[in-house]
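Coordinate analysis (summary)
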Amino acid sequence: MMQQSRPDLLTSIGTRMNVAARRMRAVLDHRLGRTAFDPLPPPVLVGEVESFTCRPALFEPDQLSRVLGCGFGADLNGEITRLQATSFTGMPAERYDLGESILIGGTVIAGRSRYIFQKMSKIKSMLSQLAVYDRATLLNSEQGMSYFGHWLRDDCSHYEAVKDAPALLSMALPDWPDRKFYQHAFGQNWNVTKFARVGELTVWRDLNYNSAKANHMRSLRGRLRRAVPTQAGGKIVYLGRGNLGEKRNMSNAVSFEAAMRKAGVDVIEPGNGIEGMLDAKVIITIEGSQASHSIYNLADGGSLLILQPPERFYNPMRHWASLLGMTYGIVIGKKDATSFHIDPDEVFRMLDRLLALSAGLV
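Structure report, in brief.

Definitions and limits used
- Residues numbered from 1 in each chain as written.
- Predicted model: local features only at pLDDT ≥ 70, side-chain atom pairs only at ≥ 80, totals over all residues.
- Heavy atoms only, no water.
- Helix = DSSP H or I, 4+ residues; strand = E, 2+ residues; numbered from the N terminus.
- Buried < 20%, exposed > 50% of the residue type's maximum accessible area, 1.4 Å probe, protein only.
- Areas by Shrake-Rupley, 256 points an atom, 1.4 Å probe, with all protein chains shown as cover.
- Contact = heavy atoms within 4.5 Å.
- Pairing = 2+ DSSP bridges.
- Axes fitted to C-alpha atoms, helices over the stretch in contact; angles between N-to-C directions.
- Arc of directions from axis to C-beta.
- Core = buried A, V, L, I, M, F, W, Y, C linked by side-chain atoms within 4.5 Å.
- Parallel < 35°, antiparallel > 145°, perpendicular 65-115°, else oblique.
- Nonpolar A, V, L, I, M, F, W, Y, C, P; charged D, E, K, R; others polar.
- Phe/Tyr/Trp six-rings, centres within 6.5 Å; stacked < 30°, edge-to-face > 60°.

Looking now at the overall build of the chain. In terms of regular secondary structure, the chain is built from eleven helices and 17 strands. Buried residues in the chain amount to 53% of all 362 residues. Accessible surface, the chain: about 16,600 Å² in total, of which carbon and sulfur atoms supply 52%.

What follows is the structure, encoded as C-alpha cells:
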C-alpha cells in the first residue's frame, strides 16, 4: 500500500536545489579525480548463514583445457570447485537502512553519500512530479538494474519478501524482452518512481543462496503455472541468448540450431514465445542472463545444460539448480577465429547423462 503525501512548495524547491548542489559536487569530484559515487554502507544481515548439500555437476574434465578465461573475476580453480562441490554455504539477504534520502533517476542521495544504481538523466527526472514518503522500500538492487538475470532471479524473488512494506518503489527498469511477461505472471507491480523524497529509505540486496529466497522462487514457479495456459511439458528446449547484454554468439549458431531441431529440440528466443518452455525437462542455453528463465520454467526435477564460452567460463546457476532440485551440466565450447563453437554431438552426449541422472538411472 502506497503511503504518499503531496509535497509543499518549499519541500519541492528545496529537494531540487539539493539535487542540483549534489550534481555540481559530483562534477567537481570527477574533475579532481575523486570518486563521485559511494559504495553502500555495511548491511544488516536478515537471516542465518546456512549449509546445503548438493550432488556434483556433470561435465567432461578434458574440456577444461579449453577454458581461456572466467567471468566476473572468477578463477578456473574456483569454478571447478563449485562444479565438484557436494555442499555449499548460503548467506541471508542484506538490508541497508539509508535514512532520509532522495531518489532521482537511477541514483539515491542519502546525507553526503550518492549511490548509483543505473545511469539516468537527473535533469529529466527532476522534471517529474516530486513524490514524498515517510518510509519506503526500494525494490531494485544495483545488479538487478544492470542484468536481466539478476532482476529475474534476485529482485523478483525478493519482491515477495517485502511486498507488504508500506511503499514499494522501483527505478525505471531496462526494457528487457519478457520483463512485462513476468511482472504480469507474478502479479508484481514495479511502481516506477523517477523523483522522490523519503524520510526513511530501505534498500535490499539478496544475491545469495538461502532457504527463504528458494521458497519465494517456488511460490513464483507456482504463480507462473497458474498464469500461463497449460503446456504439454516434457520438452527439451534450446533457449537462445537474444538481445540480452553483450553478444556471445556461437560461430556455428545456424548449424547448431539446425542440429537441435533435427533432434527434436525446440528452439526459442527470449521475447518470442517463452511460455513454450514451461515445464521443459531440459533447458539448454549459453551462459548468461537468459539462463535465469530456467529457475521458473524448468519442470520439477528438470535439468539445466549451460553452454560455456571458453573465454567466459562462469557457473552462477549451478547452486540455484541444486537448491531447487534440478540437475546441472555444462559443455565448454572451443575457441575459433570468429568467436567459439559448440559441437552438437557433445551436447547430445551430455543430454543423455543429464536425463539418465534425472531419471535415477545412474
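Glancing now at the side chain of Thr202. In this fold, Thr202 is placed in strand 10 (residues 195-205). Note on Thr202: relative accessible area 17%, which makes it buried. The residues contacting Thr202, other than those within four sequence positions of it, are Arg95, Tyr96, Asp97, Ala136, Thr137 and Leu138.

Turning next to the sheet that holds strand 15 (residues 327-332). The strand order across the open sheet built from five strands is 12-11-13-14-15, with neighbouring strands paired in parallel fashion. Lying at the two open borders of the sheet, with one neighbouring strand each, are strand 12 (266-268) and strand 15. Sheet twist, expressed as the mean angle between neighbouring strand axes with direction ignored, is 20 degrees. Here strand 11 (residues 236-239) runs beside strand 13 (residues 280-286); their pairing, made up of four bridges, is parallel. Residue pairing across strands places Tyr238 opposite Ile284, the latter belonging to strand 13.

Residues of helix 8 (residues 253-262) that are buried: Phe256, Glu257 and Met260. Taken around the axis of helix 8, the buried residues stretch over an arc of 95 degrees, which confines them to a single face. Looking at helix 8, the residues exposed on the side facing more than 90 degrees away from the buried face are Val254 and Lys262. Taken from the residues just after helix 8, Gly264 is the one with a positive phi, measuring 90 degrees.

So, about the nonpolar core. Counting 76 residues, the largest nonpolar core has Leu98, Leu138, Trp151, Tyr296 and Tyr328 as its most contacted members. The leading source of residues in this core is helix 5 (residues 148-162), at six residues. Leave out the neighbours within four places in its chain, and Tyr296 touches Leu152, Arg153, Cys156, Ser157, Phe186, Met217, Leu220, Arg221, Leu224, Arg225 and Leu278. One finds Leu307, Met350, Leu354 and Leu357 within the second-largest nonpolar core, a separate group that totals 20 residues.

It is worth spelling out unusual backbone geometry at this point. Despite not being glycine, Phe72 shows a phi value in the positive range, around 50 degrees. The residue Phe72 is located in the loop between strand 3 (50-53) and helix 2 (76-84) in this model. One non-glycine residue, Asp178, lies in the positive phi region at around 80 degrees. Structurally, the position occupied by Asp178 is in the loop between strand 9 (168-169) and helix 6 (179-186). Given a relative accessible area of 12%, Asp178 falls into the buried group.

We now examine the packing of helix 6 against helix 7 (residues 211-227). Packing of helix 6 against helix 7 brings their axes to within 8 Å, and their N-to-C directions diverge by 95 degrees. By the angle between their axes, helix 6 is roughly perpendicular relative to helix 7. Across the interface between the two elements, Phe181, Tyr182, Ala185 and Phe186 from helix 6 touch Leu220, Arg223, Leu224 and Ala227 from helix 7. Within the contact of helix 6 with helix 7, the residues separate by chemical class into seven nonpolar, no polar and one charged.

The full count for this structure, using the stated rule, is 15 aromatic pairs. An angle of 40 degrees between the planes, with centres 5.4 Å apart, marks the rings of Tyr182 and Phe186 as tilted. Of this pair, Tyr182 and Phe186 are both found in helix 6, four residues apart, which corresponds to roughly one turn of the helix. A centroid spacing of 6.3 Å and a plane angle of 50 degrees characterise the contact between Tyr182 and Tyr296, whose relative ring orientation is tilted. A residue pair is termed long-range when its members are at least 10 positions apart, and Tyr182 in helix 6 and Tyr296 in helix 9 (residues 293-297) qualify at 114 residues. A network of ring pairs unites the aromatic residues Phe148, Trp151, Tyr159, Trp176 and Trp190 as a single cluster.

So, to be careful, I would describe these as geometric facts and stop short of saying anything about function.
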